[in-house]
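Below are the chains, spelled out letter by letter.
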Amino acid sequence: MIWTDERVEKLKKLWSEGLSASQIAAQLGGVSRNAVIGKVHRLSLPGRAKAGGTTAAARPKRATSAPRAPNYAARAVTRTVTRPAGATVLKEEVVVDLAPEPDFALETNIVVPMSRRLELTQLTERTCKWPIGDPLKEEFHFCGNDSPESSPYCSYHARLAYQPSAERRRIR
DNA sequence: CCCTGATTCGC
DNA sequence: GCGAATCAGG
């Protein structure tokens, strides 16, 4: 692969924006992250603040937060409005509609994981590729959580993707 | 193990 | 000049 002026410019731009070498390599295409790093050196571009885990500088820190506390207020309101519908079946559906808000219980089996909000270029063989949001909008991202056994999805989204039959109803 | 950048050195 | 292999670190 040859470093055309165009590619070099893109490299400079992305590198200055703080993207990692692998991300830049993915975006340029046809080159490895090593190639990118090698080029960066040859160009004498400024390296990253601190070796190794420059991660902190380039990447906004995501909180390793515990599950959020349920928003009881919001849930209560919605219920009130819903009840008049009457049908037993409908009642269940509406409640679930509020999801993904854990159905009160910090100890439930049903846990909606917080997504890592990864960009397309950040996905690897072992990150969840479940898309979130409108692809045409800026906030579009992928779940990005760890996916077991190189599955395309994390355990949570794998369940949504490969629903057998019975579970399907409950969630909708 | 996954990722990151840094360096070396044969091509 | 290029980049895979390797090293070092989180």
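You'll find chain A entered in an unreviewed UniProt entry as GcrA cell cycle regulator, with Sinorhizobium kostiense given as the organism.

Colleague: In this structure, what is going on with the protein's contact with DNA strand C? I would like to understand it.
Modeller: Taken together, Met1, Trp3, Ser32, Asn34, Ala35, Lys39 and Arg42 are the residues near DNA strand C. One nitrogen or oxygen atom from the side chain of Trp3 is found 2.8 Å from a phosphate oxygen belonging to DNA strand C. The separation between a base nitrogen of DNA strand C and a polar side-chain atom of Arg42 is 2.6 Å. The class makeup of the residues in the surface near DNA strand C is three nonpolar, two polar and two charged.

Colleague: For this particular structure, what's the right way to read the protein's contact with DNA strand B?
Modeller: Around DNA strand B, 13 residues are found, and the nearest of them are Ser20, Ala21, Ser22, Arg33 and Arg126. Among the atoms of DNA strand B close to the protein, meaning within 4 Å, 59% are from sugar or phosphate groups. In the model, a phosphate oxygen of DNA strand B is placed 2.9 Å from a nitrogen or oxygen of the Ala21 main chain. Take Asn34: an N or O atom from its side chain is 3.2 Å from a base nitrogen of DNA strand B.

Colleague: What should I look at first to understand the packing of aromatic side chains in this one?
Modeller: The geometry of an aromatic ring pair comes down to the distance between the two centres and the angle between the two planes. All told, the structure shown has three aromatic pairs when counted by the stated rule. Aromatic side chains Trp130 and Tyr153 sit 5.5 Å apart centroid to centroid with 70 degrees between the ring planes, which places their arrangement in the edge-to-face category. Placement of the pair is Trp130 in the loop between α6 (88-97) and β1 (131-132) and Tyr153 in the loop between β2 (141-142) and α7 (155-161), with a sequence separation of 23 residues. Among the aromatic residues, those joined into a ring-pair cluster are Trp130, Tyr153 and Tyr162.

Colleague: What's the story with the side chain of Ser151 in this structure? I'm lost.
Modeller: Among the structural elements, Ser151 can be located in the loop between β2 and α7. When its relative accessible area of 17% is taken as the criterion, Ser151 is described as buried. For Ser151, the side chain forms a polar contact with the main-chain oxygen of Tyr153, separated by 3.0 Å. Once residues lying within four places of it in the same chain are set aside, the contact partners of Ser151 are Glu125 and Lys129.

Colleague: Please clarify how the state of the cysteines should be interpreted in this entry.
Modeller: Every disulfide links exactly two cysteines, by a covalent bond between their sulfur atoms. In the structure shown here, the tally under the stated rule is zero disulfides. Here Cys143 stays free of any disulfide, with the sulfur of Cys128 as its closest cysteine sulfur at 3.7 Å. Cys154 forms no disulfide, and the closest cysteine sulfur to it belongs to Cys128, at a distance of 3.7 Å. By relative accessible area, which is 3% here, Cys154 ends up buried.

About the thresholds
- Residues numbered from 1 in each chain as written.
- Chains lettered and ligands numbered in written order.
- Predicted model: local features only at pLDDT ≥ 70, side-chain atom pairs only at ≥ 80, totals over all residues.
- Heavy atoms only, no water.
- Near = heavy atom within 4 Å.
- Polar contact = N/O pair within 3.5 Å; in protein donor to acceptor, adjacent residues only side chain to side chain.
- Nonpolar A, V, L, I, M, F, W, Y, C, P; charged D, E, K, R; others polar.
- Phe/Tyr/Trp six-rings, centres within 6.5 Å; stacked < 30°, edge-to-face > 60°.
- Helix = DSSP H or I, 4+ residues; strand = E, 2+ residues; numbered from the N terminus.
- Buried < 20%, exposed > 50% of the residue type's maximum accessible area, 1.4 Å probe, protein only.
- Contact = heavy atoms within 4.5 Å.
- Disulfide = S-S within 2.5 Å.

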